[in-house]
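Examination of the molecular architecture
Next come the chains, spelled out residue by residue.
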Amino acid sequence: MPKKRDGTTVLIADDSALVRQEISMIVSHLGYRPVMVSEGDEAIALLRTSSFNAMLLDVHMPGKSGMDVLRYLMESNDVMPVIMISGSGDIDLVVQCIKMGAYDYLTKPVDSNRLAVVLKNAFSECALRQQVRLLSAAVDQSPVAVVITDADGNVEYANRSFSSVFGALAPDADMASGRCDSAELPSNIRKAMVAGKVWQGDFCNRNSVGGHCWAHAIISPVGNKGRISSHVLALIQDITDVRKNKEALLRSMRRFRDLADLLPQPVFETDRKGFITYSNRAGFVTFGYSREEMKKGLHALAFFDQGDRARVLRGLNAKKITGRLGSHEFRVFKRDGSCFPALVYAAPISDRIGVSGFRGIVVDITELKEAEQKLDENRKKYLNLFRAIPDAIIVADAESGTLVEWNTRAERFFDYSPEDLSRLHVRDLYPEELREEAAASFISESLSQPRMLETQIVTGHGLRIDVHLTSAMFMTEGTLWFVGIFRDITEQKRSERLVRENIRMKNDFISTVSHELRTPLFSILGFTGTLLREQDELDRVTRMEFLSIIHDESKRLSSLIEDVLMISRIDSGRVSYKKSEIDPSVTISEVCRNLKIRADELKIELHLKGHVPSKHLHADPDALKQVAINIIGNALKFTPSGGRVDVSLSCDEDSMYFSVKDNGPGIPEEDLEKVFEKFYRVEHAETAVDGTGLGLSIAREIIEAHGGTVTVKSRVSEGAEFLVRLPLLRQSDNP
Amino acid sequence: MKRHVILIVDDSANIRRLLAHNLGRKFTVLTAGDAAAALEMLDSGEKPDLIVVDISMPGMDGFSLTSLIKGNPDYCAVPLVMLTAKDSSEDREKGLQLGAVDYITKPFNLEEFADRIGMLLQ
């Protein structure tokens, strides 16, 4: 007998200590571990907590008998083999125990050999029993439907799952008879089953609610008598959900591929090394590659410029880490070598083991780029235009009044740096007293009507400038802007003032002329009227007196008219001088001789000093005579009786000088320049002076037309000196 | 019947001579070449019945002379006629405001002028 000790335990229940000892020794000797109890209750208590490989159970025990213990074991479904021990006279009880489920029995005194055989058999049967139990439980509880039919297809066994699978497939089917609701399916299964071959496949049937159900079946013939197969085994699994999921997945894939093909932009996928694994239709069309070329191996970097590849890889590596979608602008190349600007959006494809590749989309931005460029050119054009405008233009935010834009001219015009301008409010451009008004009118600007006005601005350095302002409002992107165009009208204002001044002077001139003409005219009219009326009463002397007055006044009127006409000719530029080579001293001494008579009448000493020996002028003799008459005549007019007027001539290399000096009342300093103005007369309380008031003005015009100058020096009550300089005819000019 | 005395103040000798001759047939005429001479005559005791004053004269003009005469209680009652070559309503207004009884613009008809003065004296 083997003496090895293994973990096999045998429970011995007997009320006789002797028998327990005896059996225990045999069991130990057989290599098993004995555990002993003396009562039935004790045995049950122990069996509740421990398990044993076999039990030797005395039929008769006080308290719970062996039969009671056996009943307990059977009821608790214990598979442990129970060997009853009985006396020789208890055969009926033993038979009853065997019926109840005891494995065998031994009679006292226990024979050790018999015990060894019984235990060995019990152990092996117990193992077998356990195996069968496990197998049948496995088959019965398997989630896979198991069905066994005979060779004709009649179901001999079906596990629990079978009914649940087929119940779902065909709730009305009578599985045992093989009749199913669907005619095709059972016949297929049956056909497969009765074919006697191993078969595997899916089948479909309509379910109770009209949908489709799918099952996967493995059919194989089984034989329990040698090699002849007497039965057919089918393992059937409900794969409806799997099929549904798979179909849904396929549909979804197809949908995405279809959608991708509809996209006008190329869409691609690569493997982890960067080789293109997928492209939509637009990808092939755009880049000009074929599907075959892609399959042969087409690397994504081939689409990029050599210089861009490092950037592409950097971008992709960054994405590998962060997994975020990004975009980059690149030039991408077609198969034929041409390229276009594009935005390439790419994202990593992740699976369980990490990044398995990339997918992305290529957006052609050629048109966008062109539009952008055009827009930029346009913007530049208008900016240059804006800058080139010679008027100062400013744009302000209509709400806040802050300046936001201006042209270069505005910076210079307002004399501010760009930084200063950006901090200014529109009203800061106006002088202090106009600011309120400017701010008010700024608010009242209307969108539709540009406004024009003349106003004044003040520069950064406090200079006031007259401007013509055109202002308007316009709206862009929901913001209201004010635009002001400032035009410097200083010049315009000045010329307007000049024109007004000219008109005023002309009016004064006309009014003065008419006044000057009226006085002699009134005399002439009065005396001629008197002569006509009283021709018989008047004596000869009176008649002569009146006639000579009429003559004088007529001469005065005539010279007045001559002067006025002269001035008018000079003013309109219509005067022409008949220049010839003349000796100025001859002309001037002639004038002096003529005026000597008048000087004598006025009791004024008139002296001519110095002469210009054979010096020649290129001048109009009548004009020069007029200059001399006007200037000397002027001196005589303003010199009181008893005074003197000195006329002197001198010369140097280039010029001759003609000076007229009197000892009259002189001219106040502030009036010195005005003496040459038309109709100007220095106001003197004492002296009464008649004349046209045009003499000096005419003289200056003539002198200047001959390339000369005339100046006056004077101090009040010290007389005045007029100095005329005229250029001499040069030797080289001599014919 | 006593002849009325007329004082003529004008800077133009020819005008003075013309007016003196024409008015001289009806009135006794005194003349002065400027405002100063006229005032001197008045101060020296001349008592004209009417004064004719030219507005534009060198030195003191006719307006100033008029206001001086009108401001002096000794002569303010003497009627004063203004004479001018300037035909402006402003000057006319100014002259009448200062107290002139008439304002006559040159040129004018001498006979009518004499008649007008005769009427003013009545």
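Everything discussed here concerns the structure shown above.
This write-up is about the structure you can find in this document. (Residues numbered from 1 in each chain as written. Chains lettered and ligands numbered in written order. Predicted model: local features only at pLDDT ≥ 70, side-chain atom pairs only at ≥ 80, totals over all residues. Heavy atoms only, no water.)

As for the interface of chain B and chain A
- Between chain B and chain A, the contact holds 18 residues from the first and 23 residues from the second.
- Both sides together, the interface formed by chain B and chain A hides about 1900 Å², and carbon and sulfur atoms give 61% of it.
- Along the contact surface separating chain B from chain A lie four salt bridges.
- Ionic pairing is found between Glu-537 of chain A and Arg-25 of chain B, a salt bridge with its closest N-O pair at 3.8 Å.
- The tally of links from chain B across to chain A stands at five residue pairs in polar contact (both at pLDDT 80 or more).
- Looking at the side of chain B that touches chain A, the elements that each hand over two or more residues are α1 (13-23) and α5 (110-121) of chain B.
- Top element by residues in the side of chain B that touches chain A is α1 of chain B. It accounts for six residues.
- For the side of chain B that touches chain A, a count of residues per class yields seven nonpolar, five polar and six charged. (Contact = heavy atoms within 4.5 Å. Buried area = accessible area lost by both parts, 1.4 Å probe. Salt bridge = Lys/Arg side-chain N within 4 Å of Asp/Glu carboxyl O. Polar contact = N/O pair within 3.5 Å; in protein donor to acceptor, adjacent residues only side chain to side chain. Helix = DSSP H or I, 4+ residues; strand = E, 2+ residues; numbered from the N terminus. Nonpolar A, V, L, I, M, F, W, Y, C, P; charged D, E, K, R; others polar.)

Here we look at the sheet that holds strand β5 (residues 104-107) of chain A
Residue and element names in this part refer to chain A.
- Spatially, the five strands line up as an open sheet ordered β2-β1-β3-β4-β5, and their pairing is parallel. Edge positions in the sheet fall to β2 (33-37) and β5, since each has one partner strand and no second. Within this sheet the neighbouring strands show an average axis-to-axis angle of 20 degrees, counted without direction.
- Relative to β2, strand β1 (residues 9-13) is paired through five bridges, and the arrangement is parallel. (Pairing = 2+ DSSP bridges. Axes fitted to C-alpha atoms, helices over the stretch in contact; angles between N-to-C directions.)

Quick look at the nonpolar core
- Counting residues in hydrophobic clusters, the biggest one holds 47 residues, and the most contacted among them are Ile-631, Ile-632, Val-647, Phe-658 and Phe-722 of chain A.
- For this core, the leading source of residues is helix α19 (residues 621-638) of chain A, giving eight residues.
- Counting residues domain by domain, this core receives three or more from each of domain 5 (494-566) and domain 6 (576-727) of chain A.
- When residues no more than four places from it in sequence are discounted, the contact partners of Phe-658 of chain A are Ile-588, Ala-628, Ile-632, Val-647, Ser-648, Leu-649, Phe-722, Leu-723 and Val-724 of chain A.
- If you look at the next biggest cluster of nonpolar residues, it comprises 27 residues, including Ile-524 and Leu-531 of chain A together with Phe-108 and Ala-114 of chain B. (Core = buried A, V, L, I, M, F, W, Y, C linked by side-chain atoms within 4.5 Å. Buried < 20%, exposed > 50% of the residue type's maximum accessible area, 1.4 Å probe, protein only. Domains from an automatic or database assignment.)

Digging into the pattern of salt bridges
Residue and element names in this part refer to chain A.
- One pass over the full model with this rule turns up 37 salt bridges over all chains.
- A salt bridge links Arg-464 to Glu-433, with the nearest nitrogen and oxygen atoms 2.9 Å apart. Residue Arg-464 is located in strand β19 (residues 464-476), and its partner Glu-433 is located in the loop between α14 (418-422) and α15 (435-443); the two are separated by 31 residues in the primary sequence.
- On the accessibility criterion, Arg-464 (40% relative accessible area) is partly exposed.
- Look at Glu-433 and you get exposed, because its relative accessible area is 51%.
- The partner of Glu-454 in a salt bridge is Lys-493, and the shortest N-O contact between them spans 3.5 Å. Here Glu-454, found in strand β18 (residues 451-458), pairs with Lys-493, found in helix α16 (residues 490-533); they are 39 residues apart in sequence, far enough to count as distant.
- Relative accessible area serves as the criterion here: at 24%, Lys-493 is assigned to the partly exposed category.
- Through salt bridges with shared partners, one network takes in Asp-14, Asp-58 and Lys-108.

Notes on the sheet that holds strand β5 (residues 102-105) of chain B
All names here are of chain B.
- Strand order in this open sheet of five strands is β2-β1-β3-β4-β5, and the pairing throughout is parallel. This sheet does not close on itself; its edge strands, each paired only once, are β2 (28-32) and β5. Averaged over all neighbouring strand pairs, the angle between strand axes comes to 20 degrees, with direction disregarded.
- Contacts from helix α3 (residues 62-71) reach β1 (5-9), β3 (50-54) and β4 (80-84) within the one sheet, and its direction differs from that of β4 by about 175 degrees.

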